[in-house]
Amino acid sequence: TAIALSFWLLMFAIFIFLSLAIVKRYAELHQMKVQGKLKAQGRGYQVEDLSLLQSLGGASGYLSILVLALYLNTPDIARMYSQPKLVWLLVPIMLYWISRIWMQTHRGNMHDDPLVYALKDRVSLITGALAAVVLALAVVVTVEQQRAYHERELRQRRQVLPGVAQELRGVGVVQGHPCGAQQRREEAAQGVEAWRHELEHPLDSSRPQQRRARGPR
């Protein structure tokens, strides 16, 4: 696709999926330890590696949350959401979820792939639902703010449109600079036409942060 991978998304995915992969290896070795085995067949893991895997997996999971927190502190979030502080609720939600996953794994309750376990676990489903609600609220607030911004801008343009049209009619050919006057007349005409189009078709207008065609300066 034409969508470029974000640096923050890439780093978050690396750490969170590394942690979940180690969860699966840890669960396998824990089950082997219960069965009295010492080494995973066909793999380079041993029962003695349990404590090391637990440290690596937990650290990787918390690093993914750190990446998420750093991303939420970037200017991108402030531009995307009108209430960026609301999105910060994702940090404690994710902290709770990754900690619970490792707690359940340490207790020997992880018998499936961690993603399959999350789809079956009621607490994980509730956690995911809370994260979805947080993002939905942030998006809804953003849409309402953008709509209010757009309505204010349209009201302002309705007030200045008659003056712009009057100025356009009064534009004359400046002595010695006919090309400049003609260019000014064409730019003003384009600006007035764009403004009229937005007033008649507000749903076709672009987002507030994009610069629109302007009338004569």
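In this convention, every chain numbers its residues from 1, walking through the sequence in written order. Residue-level local features of this predicted model are given only where pLDDT is at least 70; pairs of side-chain atoms are given and counted only at 80 or more, and the full residue set underlies all totals for whole chains, interfaces and linings. Side-chain measures were taken over the full set of non-hydrogen atoms in the model, leaving aside hydrogen atoms and water.

Draft legend 1. Region of interest: the overall build of the protein chain. Working definition: helices are DSSP H or I runs of at least four residues, strands are E runs of at least two. Numbering for both runs from the N terminus. For the protein chain, the count of helices and strands is 8 helices and 0 strands. N-terminal to C-terminal, the α/β element order of the protein chain is α-α-α-α-α-α-α-α. Should any heavy atoms of two residues lie within 4.5 Å, those residues are counted as being in contact. Of the contacts formed within the protein chain by residues at least 6 apart in sequence, a portion of 63% connects residues at least 24 apart. All accessible areas in this document rest on Shrake-Rupley with a 1.4 Å probe, and a residue is counted as covered only by the protein chains that are shown. Accessible area for the protein chain stands at about 14,600 Å²; split by element, carbon and sulfur atoms hold 60% of it.

Draft legend 2. View of the side chain of Ser19. Residue placement: Ser19 occurs in helix H1 (residues 7–35). For Ser19, a relative accessible area of 0% puts it in the buried group. Pairs of N or O atoms are called polar contacts if they sit within 3.5 Å, as long as, within protein, a hydrogen donor faces a hydrogen acceptor (for residues adjacent in sequence, only side-chain-to-side-chain pairs). Separated by 3.1 Å, the side chains of Ser19 and Trp102 make a polar contact. Setting aside residues no more than four positions away along its own chain, Ser19 makes contact with Gly57, Ser60, Gly61, Ile98 and Trp102. When a residue's accessible area, from a 1.4 Å probe over protein chains only, is under 20% of the maximum for its type it is buried; when over 50% it is exposed; and in between it is partly exposed.

Draft legend 3. Expanded view of helix H5 (residues 90–106). The span expected for a helix works out to 1.5 Å for each residue beyond the first. The end-to-end C-alpha distance of H5 is 24 Å, a good match for the 24 Å that 17 residues give at a rise of 1.5 Å each. Considered for burial, the residues of H5 that qualify are Leu90, Val91, Ile93, Met94, Trp97, Ile98, Arg100, Ile101, Trp102, Gln104 and Thr105. Phi turns positive one or two residues past the end of H5, at Gly108, with a value near 85 degrees.

Draft legend 4. Looking closely at the environment of Leu130. Along the chain, the position of Leu130 falls in helix H7 (residues 122–170). Owing to a relative accessible area of 46%, Leu130 belongs among the partly exposed residues under this scheme. Taking C-alpha positions, Leu130 is 7.8 Å from Ile93, a pair spaced 37 residues apart along the chain.

Draft legend 5. Molecular detail of the packing of aromatic side chains. Stacked, tilted and edge-to-face pairs are distinguished by plane angle, under 30 degrees for stacked and over 60 for edge-to-face with tilted covering the rest, among Phe, Tyr and Trp rings (Trp via its six-membered ring) whose centres lie within 6.5 Å. Tallied over the entire structure, the rule returns 3 aromatic pairs. Feature note: the residues Phe7, Trp8 and Tyr71 constitute an aromatic cluster, connected by ring pairs.

Draft legend 6. Layout of the pattern of salt bridges. By salt bridge we mean one thing: a side-chain nitrogen of Lys or Arg within 4 Å of a carboxyl oxygen of Asp or Glu. Enumeration over the complete set of coordinates arrives at 4 salt bridges. Taking the shortest distance from any N to any O, the salt bridge between Asp121 and Arg100 comes out at 2.5 Å. Of this pair, Asp121 sits in the loop between helix H6 (114–120) and H7 while Arg100 sits in helix H5, and the two are 21 residues apart along the sequence. Arg100 matches Asp121 in its accessibility class, with the two residues each being buried. A salt bridge links Asp112 to Lys120, with the shortest nitrogen-to-oxygen separation between them at 3.7 Å. Under the relative-accessibility criterion, Asp112 is labelled partly exposed at 34%.

Draft legend 7. Inspection of the confidence of the model for the protein chain at higher detail. Every residue is assigned a pLDDT by the predictor, reflecting its confidence on a scale from 0 to 100. A residue-level look at the protein chain finds 63% of positions with pLDDT of 70 or above and a mean pLDDT of 76. Mean pLDDT across the elements of the protein chain ranges from a minimum in helix H8 (residues 178–200), with 61, to a maximum in H5, with 94. Confidence drops under a pLDDT of 50 for residues 172–179, and excluding neighbours within four residues, the segment shows 6 contacts in the predicted structure. Low pLDDT, under 50, characterises residues 205–217; the predicted model gives this stretch 26 contacts beyond four residues in sequence or across chains.

Draft legend 8. Looking closely at the packing of H1 against H5. Remark: H1 packs on H5, axes separated minimally by 9 Å, with the N-to-C direction vectors making an angle of 15 degrees. Accordingly, the angle class assigned to the pair H1 and H5 is roughly parallel. In this structure, H1 crosses over H5, and the sense of that crossing is left-handed. Of the residues in H5, those touching H1 at Phe12, Ile16, Ser19, Leu20, Ile22, Val23, Tyr26, Ala27 and His30 are Met94, Trp97, Ile98, Ile101, Trp102, Thr105 and His106. For helices, the axis comes from a line fit to the C-alpha atoms of the stretch in contact; other axes are also lines fit to C-alpha atoms, and the angle between any two N-to-C directions lies between 0 and 180 degrees. Here roughly perpendicular refers to angles of 65 to 115 degrees, roughly parallel to angles under 35, roughly antiparallel to angles over 145, and oblique to all remaining angles. In a left-handed crossing the near helix is turned counterclockwise from the far helix by less than a right angle, and in a right-handed crossing that turn is clockwise.

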